[in-house]
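# Structural description and commentary
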Amino acid sequence: SQQGEEDPQALSIQEGENATMNCSYKTSINNLQWYRQNSGRGLVHLILIRSNEREKHSGRLRVTLDTSKKSSSLLITASRAADTASYFCAAQRRGGGADGLTFGKGTHLIIQP
Amino acid sequence: DTAVSQTPKYLVTQMGNDKSIKCEQNLGHDTMYWYKQDSKKFLKIMFSYNNKELIINETVPNRFSPKSPDKAHLNLHINSLELGDSAVYFCASSQAFWDSGNTIYFGEGSWLTVV
């Protein structure tokens, strides 16, 4: 079964606003990771949150994890035009990396200047 | 000094042909992967190798055959290409397969178009 489904599929906001993306997953996880993909490029790791953590920060990024709801959110504060990209969540199942990471379809974020 | 490099970046070929995509990582990682990203951006794992040994082989047609000559290389050979094989193929690597908390490092992708 697919792990990691992002919501919304697309999001367009004005520069300077905050962007929030959500992710849901289906099974118990070791950790959940967020990746970013610029158009025509590979995915780049942004942040990892472990199953025993509830919130994590990295620069303008804030990730939350609610294991009871099997959901996570990624907040980008004070968005910039350069944040325009697709954002993917990826769940690593409990039991180790036996199937690597399973990715969702991503949220395409557009920051309007 | 690209961490994960794959070639070619673009490949246009006719149905029925056989093609290969090469991948190399200079990160000293034990584990390498091939992912396929379709036109709707859905990213799906195809294969995973740990120290040259096949670990994951998802439901992929046997026309796709990975080859790992050493742990720094994982090549993907595709026989008898079909229109539905058109996609972006990403090579990736991570430190150790069995550890939790793996960060995956991706290559820039190979855009395959079958005509």
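Each value, and the rule that gives it
- Numbering of residues starts from 1 in each chain and follows the order in which that chain's sequence is written.
- The naming scheme follows written order: chains are lettered A onward, ligands numbered 1 onward.
- Local features in this predicted model are restricted to residues of pLDDT 70 or higher, and side-chain atom pairs are both shown and tallied only at a pLDDT of 80 or more, whereas totals for entire chains, interfaces and linings draw on every residue.
- Note that the side-chain values use all heavy atoms of the structure and ignore hydrogens as well as water.
- Strand pairing is assigned whenever DSSP detects at least two bridges linking the two strands.
- For the purposes of this entry, the term helix denotes a DSSP run of H or I that reaches at least four residues, the term strand denotes a run of E that reaches at least two, and both are numbered from the N terminus.
- Only the contacting stretch of a helix is used when fitting its axis, a line to C-alpha atoms as for every element, and angles between N-to-C directions run 0 to 180 degrees.
- By nonpolar core we mean a set of buried residues, namely Ala, Val, Leu, Ile, Met, Phe, Trp, Tyr and Cys, connected to one another through side-chain atoms within 4.5 Å.
- Buried, partly exposed and exposed residues are distinguished by accessible area as a fraction of the type maximum, computed with a 1.4 Å probe on protein chains only: under 20%, between the cut-offs, and over 50%, respectively.
- Here, a disulfide means two cysteine sulfur atoms that sit within 2.5 Å of each other.
- Polar contacts, as counted here, are pairs of nitrogen or oxygen atoms within 3.5 Å of one another; within protein the pair requires one atom able to donate a hydrogen and one able to accept it, and residues that are adjacent in sequence qualify only if both atoms are side-chain atoms.
- Contact between two residues is taken to exist if any of their heavy atoms lie within 4.5 Å; hydrogens are not considered.

Take the sheet that holds strand β8 (residues 73–78) of chain B next. All names here are of chain B. Taken in spatial order, the 4 strands of this open sheet run β1-β3-β8-β7, and their pairing is antiparallel. Edge strands, defined here as strands with exactly one partner in the open sheet, are β1 (4–7) and β7 (64–70). In this sheet, adjacent strand axes meet at a mean angle of 20° when their direction is disregarded. Here β7 pairs with β8 via 5 bridges, running antiparallel. Bridge assignment links Pro 66 to a residue of β8, and that residue is Leu 76.

Nonpolar side chains in soluble globular proteins tend to end up buried together. Ranked by size, the top nonpolar core spans 21 residues in total, and within it Met 21, Leu 32, Trp 34, Leu 74, Ile 76, Tyr 87 and Leu 109 of chain A carry the most contacts. Elements represented by at least two residues in this core include exactly β3 (19–24), β4 (29–37), β5 (43–50), β7 (61–66), β8 (71–76), β9 (85–93) and β11 (107–112) of chain A. In terms of residues, this core owes the most to one element, β9 of chain A, which gives 4 residues. Core analysis: the second largest hydrophobic core is formed by 19 residues, Met 32, Phe 47, Tyr 49 and Ile 78 of chain B among them.

It is worth spelling out the state of the cysteines at this point. Counted by the stated rule, this structure contains 2 disulfides over all chains. The disulfide bridge from Cys 23 of chain A ends at Cys 89 of chain A, spanning 2.0 Å between sulfur atoms. Across the disulfide from Cys 23 of chain A to Cys 89 of chain A, rotation about the S-S bond amounts to roughly 70°, and the bridge is consequently right-handed. Here Cys 23 of chain A, found in strand β3, pairs with Cys 89 of chain A, found in strand β9; they are 66 residues apart in sequence, far enough to count as distant. Exposure class is identical for Cys 23 of chain A and Cys 89 of chain A. Each is buried. Here Cys 23 of chain B connects covalently by a disulfide to Cys 91 of chain B, the sulfurs 1.8 Å from one another. Sign of the S-S torsion, about -80° for the bond between Cys 23 of chain B and Cys 91 of chain B, identifies this disulfide as left-handed.

All names here are of chain B. Where β1 and strand β3 (residues 19–25) come together, 4 bridges link them in antiparallel fashion. When the sheet's bridge partners are listed, Ser 5 is paired in β3 with Glu 24. Bridge analysis of β3 against β8 gives 4 bridges, and the strand direction is antiparallel. Opposite Glu 24, over in β8, you have His 73 as the bridge partner.

Bringing the side chain of Ser 72 of chain A into the picture now. Residue and element names in this part refer to chain A. By the element assignment, Ser 72 lies in strand β8. A polar atom in the side chain of Ser 72 sits 3.2 Å from the side chain of Trp 34. Not counting chain neighbours up to four residues away, the residues in contact with Ser 72 comprise Met 21, Asn 22, Cys 23, Leu 32, Trp 34, Val 63, Thr 64 and Leu 65.

That is the geometry; function is a separate question.
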